[in-house]
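# Summary of structural features
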Amino acid sequence: MFKYLISVCALFYFVSNNAQIQSPDSFLGYELGTQFSRHHQVVDYFKHLDANSSLLKLQAYGKTNEGRVLQLAFISSKENLENFESIRREHLQNSGIISGPKNDNKVVVWLSYNVHGNESSSTEAAMKTAHALLTTYSEWLKDTVVILDPCINPDGRDRYVNFYNRVKSSPNNTEGFTREHREGWHNGRTNHYIFDLNRDWAWLTQKESQQRIKKYNQWLPHVHVDFHEQGINSPYYFAPAAEPLHEIITPFQKQFQEVIGKNHAKYFDQKGWFYFTKQRFDLLYPSYGDSYPTFMGGIGMTYEQAGGGIAGLGIENNEAITLSLKDRIEHHFTTGISTVEIATINKSILNKNYQSYFIDQNYKYQNYILEGPKHRLDALQKLLDYHEIKSEQLKKKSLIKGYEYQQQKNSSSSYAANSLVVSTNQTKGKMVQVLLEPKTKLQDSLTYDITAWSLPYAYGLKAMATENSVETVPYRQAESESIILSESAYGYALDYNSFNDSQFLAALLKANIGVRFNETPLRNSNKNWDRGSLFILRADNQNNENYLEKTAELAGQFKQILTPITSGFSDSGPDLGAAELVLIKAPRIGLLRSDAASSYNYGEIWHFFEQALNYPVLQLEESQLISALESIDQLILPSGYYNQWDIENSADKALLEWIKKGGKLIVMANALERFADHPSFDLSKKEPEPFNTTQINYSDLERSEISYMTTGSIFEVKLDPSHPLSFGIERYYTLKLDEKAYNLLSNQYNPFTLGSKAQPLAGFIGHKAINNQSNALVVGIESKGRGKLVYFVDNVLFRGFWYSGKLLFSNALFFL
């Protein structure tokens with residue numbers, strides 16, 4: 001009788017709260033797994049749930065580059081959703097973000113689906129999971145708030161779904177070599193700009209990430225799951241994670257991953273499904289959808305289902321097992337429900353340890369002090385502010401004692417007033433350590449991603465990590481000011497030392513404003529002007545009536561301070577009419593796309609021009625290159641895997657003639673191999689010591705190989721301060737993503753190199769690979785006739801977060 005009453009009550013609860021709710025199958029008109037759902041159908045389904053259930057609240061949080069809606073579904077009891085804001089605030093009290101008493105009221109679980117668009121089963125599973133929580137498992141919702149993001153990457157998802165629907169056979173074919181299992185070059189994994197959104201949580205270079213992080217910071221959940229797919233021959237992966245784990249991860253966070261994993265295993269065992277744990281997917285790199293939530297106090301996890309863009313509706317793997325979309329959906333559905341279940345059961349334990357995570361702050365360093373040009377500091381402070389990490393500035397010039405990043409040892413150094421100060425004595429102090437620490441401690445050098453990312457190096461700043469307190473005041477960004485420029489001035493000038501200055505220069509050139517730079521230092525108008533300063537002179541703008549108004553408008557937009565120039569006669573150094581004052585020509589730039597190019601690097605360059613520099617770039621197909629050359633001044637060859645240069649090839653022959661006539665070819669990273677060791681070019685590779693496997697056991701091969709590898713390491717660069725590539729760059733650190741090394745160019749320019757005893761400042765590189773980096777090229781310039789090739793050994797635009805790389809790349813565009 002008691003069970004009967006419970007069933008009746010449960011039925012009444014369901015009916016009263018979900019009057020007209022439909023299952024995904026009923027609403028969509030097809031069984032989940034029999035075809036892929038387009039994003040608009042997913043949006044419509046969640047709107048249906050929102051309209052017909054008092055247990056779900058739908059909230060749009062932005063749009064993608066291609067205009068698709070981004071949305072969150074908040075699923076909880078009717079009472080909880082009616083007290084939505086108070087529950088959120090009470091939860092944040094447990095972290096200390098909001099002041100107030102600690103509590104054990106609710107547990108917050110955030111489920112993120114389809115960050116990689118062609119890992120497409122997860123969005124289908126999201127619909128099934130939401131329906132099940134509203135119906136079958138609604139009793140959990142009294143103590144639990146589930147935040148469900150059905151599709152982080154709608155642009156990528158629709159790109160994949162549209163591809164598959166366009167080419168698939170009827171019925172679908174399960175043989176992997178057929179067309180429906182072979183996506184094109186710009187596949188559905190990435191967003192519009194070909195960025196991997198699962199590497200962008202910390203760097204926030206992408207529109208989707210920036211909009212999502214605002215919502216994430218409003219909740220900081222106890223548990224976050226990022227649903228993925230992997231190769232078709234791998235069993236399902238779930239937590240616990242593999243090593244290395246960052247040292248700030250607490251024993252409880254590790255232990256609770258075990259608890260969650262065992263709960264999943266219970267259900268997978270019942271079904272006889274294969275799975276694995278504790279391998280491959282680590283928690284070190286901070287910009288993943290599992291590591292970032294972990295470093296923000298949660299239990300962050302990746303779940304990986306076999307599949308991906310190759311899988312389609314079904315594919316036969318190497319064990320002759322047909323992997324179907326239905327199976328993939330069911331596996332993700334099972335772990336999603338299991339996650340909510342185990343979090344609900346452990347509400348009190350999760351709250352207790354969540355509170356402890358933010359209270360326990362035993363840091364080696366109390367403050368990170370960063371000195372550099374104002375606009376660089378502003379850019380870093382803006383990134384920290386996105387993460388709601390507090391920062392201040394030194395009240396006065398101070399002598400600071402601590403670990404000095406450049407010298408790699410403890411010392412004392414003077415830091416200017418207004419230097420940026422980031423303290424670990426704040427709620428998000430652990431993330432401060434992760435992002436700013438000079439070296440990340442490695443438990444294991446075999447990792448899934450890079451092992452170095454320290455932002456002081458990325459921004460090219462003088463930096464100190466200190467155990468001491470310092471006197472600070474609130475940080476003040478540079479402010480826009482209303483500027484009135486005088487027609488009587490000979491011109492105006494500004495210092496050039498940040499990417500903000502590159503953006504300002506790009507805007508001036510787009511507005512047809514004449515700008516010069518000085519090749520040698522000079523003194524004019526009571527001010528010393530270092531190499532690379534920018535001069536906007538009246539004589540260069542005689543035919544531009546509104547150049548002063550436009551210059552003032554742009555100076556305000558980019559927060560620039562312009563110094564009036566009273567005369568062309570310099571106190572020392574060249575006069576402003578001398579040959580050393582070079583007029584900058586607004587370049588017409590092409591970006592070459594081919595199937596051999598790295599789609600990631602192509603996207604990084606494309607995004608750099610359109611969203612960072614805001615300067616036009618022409619996207620060129622390889623088949624149209626010859627006809628396009630006469631219309632461009634510069635061509636960028638993205639990193640990739642190209643055939644070696646062939647002087648008999650008509651396109652190569654035309655390209656070389658174009659260079660000799662004055663063209664500039666910028667060659668990125670792996671693309672250098674196309675030119676290396678070819679008699680037409682001076683570029684040559686440094687060959688490492690051969691890897692000899694004769695005496696190595698099979699089980700030791702992988703670990704032996706890493707002696708010849710790097711998994712992302714940072715090196716200090718030796719630069720020529722007089723070279724135009726160095727304009728505005730006092731110090732530069734390069735992020736090496738592979739072990740390749742090149743010799744210095746003979747009788748050419750080698751403005752950026754590694755020294756004779758090159759050693760990494762941070763990150764792992766094997767001892768065999770280190771030896772090959774001494775006296776290696778970083779950036780080289782080879783002249784050909786009136787033109788040149790610019791060789792970037794490392795990808796200076798990697799994932800869009802290496803700030804100094806953007807400045808260096810801009811210099812190559814505008815000053816060479």
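Read on for an overview of the structure. Every value quoted in this text rests on a predicted model; they were computed, and no experiment measured them.

Let's shift gears to the nonpolar core. Phe609 and Phe809 are the most contacted members of the largest nonpolar core, which has 175 residues in total. Setting aside chain neighbours within four positions, we find Phe609 in contact with Ile589, Asn614, Tyr615, Pro616, Val617, Ile636, Phe809 and Leu813. Core analysis: the second largest hydrophobic core is formed by 58 residues, Ala130, Phe238, Ile260 and Met301 among them.

Glancing now at the layout of surface pockets. Space inside the largest pocket adds up to approximately 1,100 Å³. The set of elements that each furnish at least two residues to the lining of the largest pocket consists of α8 (207-217), α13 (374-386), α16 (499-510), α18 (599-613) and α23 (803-814). Here the lining of the largest pocket is composed, by residue class, of 18 nonpolar, 13 polar and seven charged. Estimated volume of the second largest pocket: approximately 810 Å³. What lines the second largest pocket is a set of 34 residues, and nearest its centre among them are Tyr600, Leu737, Asn795, Phe798 and Arg799. The set of elements that each furnish at least two residues to the lining of the second largest pocket consists of α18, β31 (710-716) and β33 (733-736). In terms of residue class, the lining of the second largest pocket is built from 13 nonpolar, ten polar and eleven charged.

With that settled, the discussion passes to the sheet that holds strand β19 (residues 472-474). Two modes of strand pairing occur in sheets, parallel and antiparallel, and in both the strands are linked by backbone hydrogen bonds. Strand order across the open sheet formed by seven strands is β16-β15-β18-β13-β17-β14-β19, with antiparallel pairing between neighbours. This sheet does not close on itself; its edge strands, each paired only once, are β16 (409-415) and β19. In this sheet, adjacent strand axes meet at a mean angle of 40 degrees when their direction is disregarded. Bridging between strand β15 (residues 398-404) and β16 involves seven bridges; their strand directions are antiparallel.

Moving on, we come to the environment of Thr205. Within the secondary structure layout, Thr205 lies in the loop between α7 (154-167) and α8. Note: C-alpha distance between Thr205 and Phe608 (403 residues apart in sequence) is 9.8 Å. Among residues more than four places away in sequence, those in contact with Thr205 are Phe195, Asp200, Gln210, His607, Arg799, Gly800 and Phe801. Here Asp200 takes part through its side chain, which lies 2.9 Å from a polar atom of the side chain of Thr205.

Rules used throughout
- Residues numbered from 1 in each chain as written.
- Predicted model: local features only at pLDDT ≥ 70, side-chain atom pairs only at ≥ 80, totals over all residues.
- Heavy atoms only, no water.
- Core = buried A, V, L, I, M, F, W, Y, C linked by side-chain atoms within 4.5 Å.
- Buried < 20%, exposed > 50% of the residue type's maximum accessible area, 1.4 Å probe, protein only.
- Contact = heavy atoms within 4.5 Å.
- 1 Å grid on protein atoms, 1.4 Å probe; cavity = no way out; pocket = protein on both sides within 12 Å on 5 of 7 lines; lining within 4 Å.
- Points joined across faces, edges and corners; volume = space filled by probe spheres on them.
- Helix = DSSP H or I, 4+ residues; strand = E, 2+ residues; numbered from the N terminus.
- Nonpolar A, V, L, I, M, F, W, Y, C, P; charged D, E, K, R; others polar.
- Pairing = 2+ DSSP bridges.
- Axes fitted to C-alpha atoms, helices over the stretch in contact; angles between N-to-C directions.
- Polar contact = N/O pair within 3.5 Å; in protein donor to acceptor, adjacent residues only side chain to side chain.

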